Amino acid sequence: EQFALSITMGLVKCMFVAISASLVDTLGRKPLLVVGSLALVASFATMAVGELPRVPGALVAVGVMIFMASFSMGLGPLCWVYASELFPSTIRGRGMSLAVVLNRVTATGISFTFVPLCNILGGQFGYFVLLAAISAVVAVIASFLAFETKGL
């Protein structure tokens, strides 16, 4: 069962990266970023509900699949697309290096704060609600402040 879930997760990820790649130049970066962030809200909310008593644990697996699809369609590839397009060619190498460092520091921070934040927030339910709220804020900020680089 775990092997089948791993294979399914990998297929979902590949499929949604391909969908993002095929839509990024037609729909644009901003809509994919906003929709992907809103889908992240749904994924974290699903995982939070899956942590409640008397709710089937399989709901968490569904939330993880939604997360993989959402991230693979939105923030995953688009942070690199945006970063590569925003920096002028004269400083693109340094800019992309900074983007990679910030990406890795953020990912490390999320990993290191998981257990302490779960303890502070009363468990994984609270942690997933926090991530859903952060994703909602990202969607709102992207809606108003992100600009479209399609065709530039």
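Bear in mind that the values here come from a model prediction, so they are computed numbers and not experimental data.

> Tell me about the environment of Ala-139, and name the residues and values.
Position of Ala-139 relative to the elements: it lies in helix H6 (residues 124-145). Relative accessible area serves as the criterion here: at 4%, Ala-139 is assigned to the buried category. Between the C-alpha atom of Ala-139 and that of Ser-37, which follows or precedes it by 102 residues, the distance is 5.2 Å. Other than its neighbours up to four places away in sequence, Ala-139 contacts Val-34, Ser-37 and Leu-38.

> Give me the state of the cysteines: which residues, what numbers.
Under the defined criterion, the tally for this structure stands at zero disulfides. Here Cys-79 is not disulfide-linked; the sulfur of Cys-14 is the nearest cysteine sulfur, at 17 Å.

> So what's going on with the environment of Ala-107? Which residues, and what values?
Looking at the element boundaries, Ala-107 is found in helix H5 (residues 92-120). Using a relative accessible area of 27% as the deciding quantity, one classes Ala-107 as partly exposed. Once the C-alpha coordinates of Ala-107 and Leu-145 are considered, the two residues, 38 residues apart in sequence, prove to be 23 Å apart.

> Account for the packing of aromatic side chains, naming residues and giving values.
Scanning the entire structure with this criterion turns up four aromatic pairs. Geometrically, the ring pair formed by Phe-44 and Phe-67 is tilted, given 5.6 Å between the ring centres and 45° between the ring planes. Of this pair, Phe-44 sits in helix H2 (residues 29-50) while Phe-67 is found in helix H3 (residues 58-73), placing the two residues 23 residues apart along the sequence. A residue is classified by how much of its surface remains accessible, and Phe-44, at 8% relative accessible area, is buried. For the ring pair Phe-67 and Phe-71, a centre distance of 5.7 Å and an interplane angle of 15° mean the geometry is stacked. One end of the pair is Phe-67 and the other is Phe-71, both in helix H3 and four residues apart, which spans about a single turn.

Rules used in this analysis
- Residues numbered from 1 in each chain as written.
- Predicted model: local features only at pLDDT ≥ 70, side-chain atom pairs only at ≥ 80, totals over all residues.
- Heavy atoms only, no water.
- Helix = DSSP H or I, 4+ residues; strand = E, 2+ residues; numbered from the N terminus.
- Buried < 20%, exposed > 50% of the residue type's maximum accessible area, 1.4 Å probe, protein only.
- Contact = heavy atoms within 4.5 Å.
- Disulfide = S-S within 2.5 Å.
- Phe/Tyr/Trp six-rings, centres within 6.5 Å; stacked < 30°, edge-to-face > 60°.

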